[in-house]
Amino acid sequence: MSHEVPAVPVPRRPGLMSLEQALEQLLGAAQPLGGQQTVATLEADGRVLAQDIRSALDVPGFDNSSMDGYAVNRAELAAAVAAGQALAVSQRIPAGHFGPALQAGSVARIFTGAPLPAGADAVVMQEEVEASLDEQGQGLARFSSVPEPGAFIRRRGEDIRLGDTVLPAGTRLGPAELGLAASLGLAELPVRPRLRVALFSTGDELVMPGEVAPEQMAPGAIYNSNRYFLAVLLKRLGCEVSDLGIVPDRREATLEALRQAAESHDLIVTSGGVSVGEEDHVKPAVQQLGGLDLWQIAIKPGKPFAHGWIARAGQVGQATESAEAGKVGEAGNTAGRCHFVGLPGNPVSSFVTFLLLVRPLLQRLQGVSSGLGIVPVAADGLPPAIFLPAHFDWPRADRRREFLRARLNAAGGLDLFPNQSSGVLTSVAWCDGLVDLPAGRTIARGDSVPFIPMAALLG
Ligand code: AMP
Ligand code: MG
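In this text, all values refer to a predicted model and were calculated from it rather than measured experimentally.

(A) How the structure looks around the packing of aromatic side chains. In total, this model carries four aromatic pairs according to the counting rule given. On the numbers, 6.1 Å between centres and 90° between planes, the contact of Tyr70 with Phe143 is edge-to-face. One end of the pair, Tyr70, is in strand β5 (residues 69-72); the other, Phe143, is in strand β10 (residues 139-143), with 73 residues separating them in the sequence. The class of Tyr70 is buried, set by a relative accessible area of 7%.

This is the structure:
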């Protein structure tokens with residue numbers, strides 16, 4: 001089975017767009033937001049670098065020993081080894097201390113991280129040296145062989161050179177990057193402002209956990225689960241989240257809530273109410289306040305997806321104009337707008353479409369690049385998949401590209417969660433990744449299938 005190109009072209013239902021098409025349009029309508037803040041390096045986890053970080057020093061800053069042992073001059077050592085003589089230990093250099101040049105005919109006791117004395121050109125690890133004292137109590141060291149030039153020496157600048165770009169603008173900062181910045185002496189870092197995201201849920205059936213006890217739930221009522229995972233997914237991706245609760249059930253109140261949220265946020269995310277023919281105030285309200293596209297994307301779970309924008313105060317003329325143009329992506333200037341994303345209500349669909357579409361959108365708005373260039377960016381915005389053997393059968397092909405909830409087993413294969421329905425949130429909690437199954441494909445036990453680890457999608 002191939003991840004990239006289906007062997008047989010699969011006819012898609014008319015009106016459905018591919019994930020790649022959806023992403024191209026979504027990202028085409030989004031520009032990285034400007035601005036910059038300075039934050040303490042210790043507080044910068046999850047933030048996005050606003051500027052290249054260049055090193056103001058060499059790392060290591062000096063040649064130093066990578067072992068506890070003896071700093072030697074190889075030529076003198078060779079002579080001593082040939083003559084069967086021990087060499088005097090003329091100095092002791094612990095880490096953090098700088099010793100004088102090596103005295104002729106001697107070696108220096110040296111410890112890991114300590115600067116190499118001038119005149120030394122290799123380090124011999126202590127396990128290979130026979131140490132003793134002469135009658136005057138002077139340290140002696142006897143060597144049995146001559147090391148390679150530069151043995152156990154960490155050279156000045158071998159990790160980073162002064163002036164190197166160590167972390168490019170657009171890097172998402174995590175523990176390793178913050179440690180690296182600290183190793184350059186940076187106590188503060190220039191980062192992009194946090195993305196401000198307003199989160200709404202829609203649906204008369206929704207009840208907030210804590211407000212009604214399980215045994216008191218009215219018939220037809222369900223707890224609002226989407227709110228919880230969406231808020232947390234957004235926060236993990238470095239957003240400042242305003243949880244604005246459930247969208248009011250009246251047209252005017254919905255308009256007002258969206259208009260207000262647009263003023264102080266960069267993005268509004270709603271869940272529910274994007275299915276075809278849905279009785280819902282959000283879609284017409286977004287249309288009225290800006291522009292809206294409703295997409296049917298050929299993915300399962302997750303088909304319906306709404307994308308649009310809302311004009312901020314002072315931008316209403318522009319909004320009306322572009323709304324008449326009808327298409328979200330057409331108006332090039334996205335300043336003065338709040339982006340809008342409407343996710344499906346089914347929890348698994350909501351979760352998966354977030355990962356597939358909202359995550360890349362957030363990264364675009366945050367100006368995230370692929371950091372050191374190690375992570376390839378796929379056309380569909382997904383992290384690279386790992387190919388693993390399926391320890392299950394999936395005999396029914398679907399016209400849509402499927403993202404199956406699967407789990408790595410101890411035998412190095414993938415197990416499938418038995419219920420792949422889009423309402424079963426248990427499947428997401430159980431899985432540790434998604435099998436990315438192209439449209440029209442089946443899986444037979446033993447097939448090598450592309451698996452996208454959940455961990456790669458959450459950061
Ligand atoms: P909708 O997309 O609004 O038609 O909703 C599809 C399904 O998802 C329905 O069963 C809804 O009850 C359910 N649903 C919608 N919003 C939520 C939510 N916030 N939490 C849990 N389930 C939801
Ligand atoms: Mg609904």
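(B) Spotlight on helix α4 (residues 226-236). Within the span of α4, buried status applies to Asn226, Phe229, Leu230, Ala231, Leu233 and Leu234. Buried positions along α4 lie against β14 (195-201), β17 (239-246), β18 (267-271), β22 (337-343), α8 (347-366) and α10 (454-458). Where α4 terminates, the next one or two residues include Gly238, which has phi positive at roughly 85°.

(C) Spatial organisation of the pairing of β18. Counting buried positions over the five residues of β18 gives five, a clear majority of the element. Inspection of the sheet shows β14 paired to β18 by five bridges, in the parallel sense. Bridge pairing in β18 places Ser201 opposite Ser271.

(D) Seen up close, unusual backbone geometry. Of the consecutive residues Val59 and Pro60, the connecting peptide bond is found in the cis state with omega at -10°. Residue Pro301 is reached from Lys300 by a cis peptide bond, and omega for that bond is 0°. Residue position: Pro301 is located in the loop between β20 (299-300) and β21 (304-311). Phi is positive for Phe152, close to 55°, though the residue is something other than glycine.

(E) Structural context of the environment of Ala221. Relative to the elements of secondary structure, Ala221 occurs in the loop between β15 (206-207) and β16 (222-223). Note on Ala221: relative accessible area 22%, which makes it partly exposed. In this structure the C-alpha to C-alpha distance between Ala221 and Gly203, which are 18 residues apart in sequence, comes to 9.8 Å. The residues contacting Ala221, other than those within four sequence positions of it, are Glu205 and Val207.

(F) Region of interest: the pattern of salt bridges. Within this structure, the stated rule accounts for eleven salt bridges. When the shortest N-O distance is used, the salt bridge between Asp266 and Arg312 registers 3.9 Å. Placement of Asp266 in the loop between α5 (251-264) and β18 and of Arg312 in the loop between β21 and α7 (316-325) is noted, with a sequence separation of 46 residues between them. The class for Asp266 is buried, based on a relative accessible area of 9%. In this structure, Asp436 and Arg401 form a salt bridge, with 2.8 Å as the shortest nitrogen-oxygen distance. Linking Asp436 in strand β26 (residues 433-437) with Arg401 in strand β24 (residues 401-408), this pair joins segments that are 35 residues apart in sequence. Classification of Arg401 by relative accessible area gives buried; the value is 12%. One salt-bridge network, held together by shared partners, links Glu20, Arg401 and Asp436.

(G) Up close: the sheet that holds β5. Here we have six strands laid out as an open sheet, ordered β8-β5-β7-β6-β10-β9, and mixed in their pairing. The open sheet has two edge strands with one neighbour each: β8 (122-125) and β9 (129-133). Neighbour to neighbour, the strand axes of the sheet diverge by 40° on average, direction disregarded. Taken together, the four bridges between β5 and β8 define a ladder with antiparallel strand orientation. Paired with Gly69 across the bridge in β8 is Met125.

(H) Examining the packing of helix α1 (residues 19-28) against α8 more closely. Two numbers describe how α1 lies on α8: the axes approach to 10 Å, and their chain directions differ by 30°. In terms of orientation, α1 lies roughly parallel with respect to α8. The handedness of the crossing between α1 and α8 is right-handed. Residues Leu19, Ala22, Leu23, Leu26 and Leu27 of α1 lie in contact with α8, whose contacting residues are Leu356, Leu357, Pro360, Leu361 and Arg364. When its residues are assigned to classes, the contact of α1 with α8 shows nine nonpolar, no polar and one charged.

(I) Examining α8 more closely. When the local axis directions of α8 are compared, the greatest deviation, roughly 45°, occurs at Phe354. In terms of burial, α8 is a largely internal element, 19 of the 20 residues being buried.

(J) Examining the sheet that holds β21 more closely. Taken in spatial order, the seven strands line up as β1-β19-β21-β22-β18-β14-β17 in an open sheet, and their pairing is mixed. In this open sheet, the two strands that pair with only one neighbour each are β1 (16-17) and β17. Two strands pair when backbone bridges link them, and β18 and β22 are joined in this way by five bridges, in the parallel orientation. Bridge pairing in β22 links Thr270 to Gly342. Set on the sheet, α1 makes contact with β1, β19 (290-297) and β21; between it and β19 the angle comes to about 165°. Taken strand by strand, α8 contacts β14, β17, β18, β19, β21 and β22, and its axis lies near 165° from that of β22.

The rules we used
- Sequence order as written defines residue numbering, which begins from 1 separately in each chain.
- For this description, chains carry letters from A and ligands carry numbers from 1, given in the order in which they are written.
- Local features in a predicted model are, by the rule used here, given only for residues with pLDDT of at least 70; side-chain atom pairs are given and counted only at 80 or more, and totals for whole chains, interfaces and linings are based on all residues.
- Side-chain measures here rest on the full set of heavy atoms in the structure, leaving out hydrogens and waters.
- Aromatic rings from Phe, Tyr and Trp, taking only the six-membered ring of Trp, are treated as a pair when their centres fall within 6.5 Å; an angle between ring planes under 30 degrees marks them as stacked, one over 60 as edge-to-face, and anything in between as tilted.
- Secondary structure is summarised from DSSP: a helix means a run of H or I of at least four residues, a strand means a run of E of at least two, and numbering begins at the N terminus for each.
- Only protein chains enter the calculation, and the probe is 1.4 Å; a residue is then buried if its accessible area is under 20% of its type maximum, exposed if over 50%, and partly exposed in between.
- Contact criterion: two residues are considered in contact whenever any of their non-hydrogen atoms come within 4.5 Å of each other.
- Paired strands are those between which DSSP finds at least two bridges.
- We count a salt bridge whenever a side-chain nitrogen from Lys or Arg sits within 4 Å of a carboxyl oxygen from Asp or Glu.
- Axis definition: a line fitted to C-alpha atoms, limited for helices to the stretch in contact. Angles are taken between N-to-C directions and run from 0 to 180 degrees.
- The scheme is simple: roughly parallel for angles under 35 degrees, roughly antiparallel for over 145, roughly perpendicular for 65 to 115, oblique for anything else.
- We call a crossing left-handed when the near helix sits turned anticlockwise from the far one by less than a right angle, and right-handed when that turn is clockwise.
- Under the grouping applied here, Gly and all other residues not named as nonpolar or charged are polar, the nonpolar ones being Ala, Val, Leu, Ile, Met, Phe, Trp, Tyr, Cys and Pro and the charged ones Asp, Glu, Lys and Arg.
- Bending is quantified residue by residue as the angle between axes fitted to the seven-residue window ending at that residue and the seven-residue window starting at it.

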